[in-house]
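Remarks on the overall topology
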Amino acid sequence: MNNINKLEEGVRVCVSVKALFDCFMEEEYSNGCLEISNGYIEKISEGRQTYYDLYNNHGELACMDGEIVLISSINKQRDTVTLINNNGEYPITFELYAEEIEEALFINVCDIK
């Protein structure tokens, strides 16, 4: 049983892009970019700071590490969750698979409505 069954549409969750990157990145391929099922993650280092940005399958910046997003829909047949980020100039959607959700979402952190 995976966490996708515990999710609810309309709930806000916190996304750890760093945790997702760290889980699936293999050291020998650590060029700062990781392809995921429906997009990619870019790791950017500037001096002492490191940033993790998730881009959707359209190449749009969909989520930065630690952002709060909304669960838009859950497709249990495909094992995917569609999320909406309303933190930018306009809403951006992106999709994660169950194994990515397991690593990336912090569910009970955000009780913000």
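The rules behind the values
Residues numbered from 1 in each chain as written. Predicted model: local features only at pLDDT ≥ 70, side-chain atom pairs only at ≥ 80, totals over all residues. Heavy atoms only, no water. Helix = DSSP H or I, 4+ residues; strand = E, 2+ residues; numbered from the N terminus. Buried < 20%, exposed > 50% of the residue type's maximum accessible area, 1.4 Å probe, protein only. Contact = heavy atoms within 4.5 Å. Arc of directions from axis to C-beta. Salt bridge = Lys/Arg side-chain N within 4 Å of Asp/Glu carboxyl O.

Description of the side chain of N38
Note on placement: N38 falls in the loop between β2 (33-36) and β3 (39-46). Residue N38 is classed as buried on the basis of its relative accessible area of 16%. Leave out the neighbours within four places in its chain, and N38 touches Y55, N56, N57, E95 and Y97.

A short note on helix α1 (residues 17-24)
Among all positions in α1, only V17, L20 and F21 are buried. Within α1, the buried residues cover an arc of 100° as seen down the axis, which keeps them to one side.

Details of the pattern of salt bridges
For the structure on display, the rule yields 2 salt bridges. Linking D22 and K18 is a salt bridge whose minimum nitrogen-to-oxygen distance equals 2.5 Å. On the criterion of helical spacing, the pair formed by D22 and K18 is a turn pair, its members being 4 residues apart in helix α1. Accessibility expressed as a relative area gives 36% for K18, which makes it partly exposed. Residue R78 pairs with E95 through a salt bridge whose shortest N-O separation is 3.2 Å. On the criterion of sequence distance, the pair formed by R78 in the loop between β6 (68-75) and β7 (80-85) and E95 in strand β8 (residues 92-97) is long-range, its members being 17 residues apart. Classification of R78 by relative accessible area gives partly exposed; the value is 40%.

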